[in-house]
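For reference, the chains in residue letters:
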Amino acid sequence: MLVFAPNYKPTKRPEHAVSLQLENVSLTVNGQPHIHPSHLNLAAGSMNVLLGPTLSGKTSLMRLMAGLDMPSTGKILWRGDDVTGVKVQKRDIAMVYQQFINYPSMTVFENIASPLRLRKKPESEIITAVKKTADLLKLGAFLQKKPLELSGGQQQRCALARALVKQSGLVLLDEPLANLDYKLREELRTEIPKMFADSGAVFVYATTEPEEALLLGGNTVTLWQGAITQFDTSTRVYHRPKNLVTANVFSSPPMNFLDAEKEGLLISLGENSYNPLDPGHIKLTAGVYRVGFRPNHLMLEPKNSESLRFSTILKSTEITGSETFLHLQHQQQHWVSLLHGIHHLTPGVSIDVFVDPAHLYFFDAMGQTAALATYTQSLKSV
């Protein structure tokens, strides 16, 4: 069982001035907690990713930030002012959902320009801003078309452009790139953070994909069943999870697990035992642990002489072009191995797989991290 403080506070604050603060904010609907009491400080000019599976609380947390919902407890501060209960229309925000909304009677140009016209911006400024944003989102050729004349991905880009052109202080994007093709998603993941880094806006981006969180950079908030489990720079949360849930949320596919026991200098993991060489594992107290390792660290060949071997049964194979997923049965556990390249293997056969002990994370009986994977000690950036 995992136990963590639902009012988790970040251990490392961003360097810039805090613009958005959530202080003991919670949300209960019909007696059911949607967001547990949470503290969060987001800095001006920062990219912040909300990472978690479906129904983990990402959209609920965004709606509280936007002012669309009233928190059950706590308060929300914007640039030092208490805006709890202030209507969304009176806040300096832009928001885009995966289920986008456009004005069907307006051209793409007017859709994008609409927030600037509401602010009564000069026409020359509107034209410049719309064209710049449209070019970024590959919409320059469609400015005189109506949204219903566009493909689904183009309509999503139109809604995204309307949010970006506002240059709001708080930008909330709820899985906004999910409907776009791979190439455009890759381009926008690079360009969008750049647009707001100079503006000083607080950028909040929700996703279910750990890879997307790493590609976007900045900070990551991991969410699980309505609770914030960790908040720090994205690379630090990925490499140094504070608990089992965070480690699993920030792994795609999810981590593989098995039970381990340490007695003296010996660590036993099922049919394997090893004497740890690294202080991180040597210093573990005697007892039983849950050990986790990511699918990309489970290989068909040993990485080195210290690699541990496990006997598994191949249940199925998924080939995705440049990668192969092996679904394996190890005793009572279902494991996944993520391999580079194409591997044609027959389901039902017995396969030996290997993992380097340097990639093992140890979690105690409460689900807290007892020892990080020892490879993280060589990562100076985290």
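Note that the structure is predicted; figures quoted are calculated from it, not measured.

Asker: Explain helix α4 (residues 152-164) to me, please; I cannot follow it from the model alone.
Answerer: Think of an α-helix as 3.6 residues a turn; residues three or four steps apart then line up on the same face. With 13 residues, α4 extends 19 Å between its outermost C-alpha atoms, agreeing within 8% with the 18 Å of an ideal straight helix rising 1.5 Å per residue. Of all the 13 residues making up α4, 12 are buried; the element is thus mostly covered by neighbouring parts of the structure.

Asker: Even after reading the chapter, I still don't get the packing of helix α2 (residues 108-118) against helix α3 (residues 123-136), so can you show me in this structure?
Answerer: Packed helix pairs are characterised by how far apart their axes lie and by the angle those axes make with each other. Following both chains from N to C, one finds α2 and α3 inclined at 130 degrees, their axes separated by 10 Å at the closest point. If you check the angle between α2 and α3, you find them oblique. Considering how the two elements wind past one another, α2 and α3 form a crossing that is right-handed. Of the residues in α3, those touching α2 at Phe109, Ile112, Ala113, Leu116 and Arg117 are Glu123, Ile126, Ile127, Ala129, Val130 and Ala134. Of the residues assigned to the contact of α2 with α3, the class counts are 9 nonpolar, no polar and 2 charged.

Asker: Any chance you could explain the pattern of salt bridges here in plain terms?
Answerer: Applying the stated rule across the entire model yields 9 salt bridges. Measuring nitrogen to oxygen at the nearest pair gives 2.9 Å for the salt bridge that ties Glu110 to Arg117. Salt bridges linked by common partners bring Glu110, Arg117 and Glu123 together as one network.

Asker: Explain the packing of aromatic side chains to me, please; I cannot follow it from the model alone.
Answerer: Between two aromatic rings, the relevant description is the distance of the centres plus the angle of the planes. Per the stated rule, a full pass over the model turns up 6 aromatic pairs. Taking 5.3 Å as the distance between ring centres and 75 degrees as the angle between the ring planes, the aromatic pair formed by Tyr238 and Phe250 counts as edge-to-face. With Tyr238 in helix α7 (residues 234-239) and Phe250 in the loop between α8 (244-249) and β11 (256-263), this residue pair connects regions lying 12 residues apart in the sequence. Judged by its relative accessible area of 15%, Tyr238 falls in the buried class. The class for Phe250 is buried, based on a relative accessible area of 0%. An aromatic cluster of at least three residues, connected via ring pairs, comprises Phe293, Phe310 and Trp335. Its guanidinium or amino end placed over the ring of Tyr238, Arg294 lies 3.8 Å from that ring's centre, counting from NZ or CZ.

Asker: Help me out: how do you make sense of the environment of Ala373 in this one?
Answerer: Relative to the helices and strands, Ala373 is located in the segment after β20 (369-371). What makes Ala373 buried here is its relative accessible area of 0%. Remark: the alpha-carbon pair of Ala373 and Leu360, spanning 13 residues in sequence, is separated by 4.8 Å. What Ala373 contacts, discounting residues up to four positions off in sequence, is Ala358, His359, Leu360 and Tyr361.

Asker: What's the story with the sheet that holds strand β15 (residues 308-319) in this structure? I'm lost.
Answerer: Through backbone hydrogen bonds, the strands of a sheet pair up, either in parallel or in antiparallel fashion. Strand order in the open sheet formed by 4 strands is β17-β16-β15-β18, and the pairing between neighbours is antiparallel. Edge positions in the sheet fall to β17 (333-340) and β18 (350-355), since each of these pairs with one other strand and no more. Across this sheet, the average inter-strand angle for adjacent strands is 50 degrees, counted without regard to direction.

Asker: Got a minute to help me understand the nonpolar core in this structure?
Answerer: Soluble globular proteins tend to pack their nonpolar side chains together in the buried interior. One finds Ile112, Leu160 and Leu188 to be the most contacted residues of the largest nonpolar core, which totals 48 residues. Each of domain 1 (19-243) and domain 2 (253-376) accounts for three or more of the residues forming this core. Apart from residues lying up to four places away in sequence, Leu160 is in contact with Val96, Leu137, Leu173, Pro176, Leu177, Leu188 and Ile192. Within the second largest apolar cluster, 26 residues are counted, among which are Leu50, Leu61, Ile76 and Val83.

Asker: Could you clarify how one ought to interpret unusual backbone geometry in this entry?
Answerer: Both trends apply: most residues other than glycine have a negative phi, and most peptide bonds are in trans. Note the cis peptide between Ser252 and Pro253, where omega equals -10 degrees. Looking at the element boundaries, Pro253 is found in the loop between α8 and β11. One non-glycine residue with positive phi stands out, namely Lys138, at about 55 degrees. Relative to the helices and strands, Lys138 is located in the loop between α3 and α4. Since its relative accessible area comes to 43%, Lys138 is described here as partly exposed. Backbone geometry at Glu175 places phi at a positive 50 degrees, although glycine is not the residue there. With respect to the element layout, Glu175 can be found in the loop between β7 (170-174) and α5 (182-197).

Asker: Is there a simple way to explain the packing of α2 against α4 in this structure?
Answerer: Running from amino to carboxyl end, α2 crosses α4 at an angle of 30 degrees, the nearest separation of the two axes being 7 Å. Classified by the angle between their axes, α2 and α4 sit roughly parallel to one another. Judged by the sense of rotation from one axis to the other, the crossing of α2 with α4 is right-handed. Together, Val108, Asn111, Ile112, Ser114 and Pro115 of α2 and Cys158, Ala161 and Arg162 of α4 make up the contact between the two elements. Residues of the contact of α2 with α4, tallied by class, amount to 5 nonpolar, 2 polar and 1 charged.

Analysis parameters
- Residues numbered from 1 in each chain as written.
- Predicted model: local features only at pLDDT ≥ 70, side-chain atom pairs only at ≥ 80, totals over all residues.
- Heavy atoms only, no water.
- Helix = DSSP H or I, 4+ residues; strand = E, 2+ residues; numbered from the N terminus.
- Expected span 1.5 Å × (residues − 1).
- Buried < 20%, exposed > 50% of the residue type's maximum accessible area, 1.4 Å probe, protein only.
- Axes fitted to C-alpha atoms, helices over the stretch in contact; angles between N-to-C directions.
- Parallel < 35°, antiparallel > 145°, perpendicular 65-115°, else oblique.
- Left-handed = near helix turned anticlockwise from the far one by under 90°.
- Contact = heavy atoms within 4.5 Å.
- Nonpolar A, V, L, I, M, F, W, Y, C, P; charged D, E, K, R; others polar.
- Salt bridge = Lys/Arg side-chain N within 4 Å of Asp/Glu carboxyl O.
- Phe/Tyr/Trp six-rings, centres within 6.5 Å; stacked < 30°, edge-to-face > 60°.
- Lys NZ or Arg CZ within 6 Å of the ring centre and 35° of its normal.
- Pairing = 2+ DSSP bridges.
- Core = buried A, V, L, I, M, F, W, Y, C linked by side-chain atoms within 4.5 Å.
- Domains from an automatic or database assignment.

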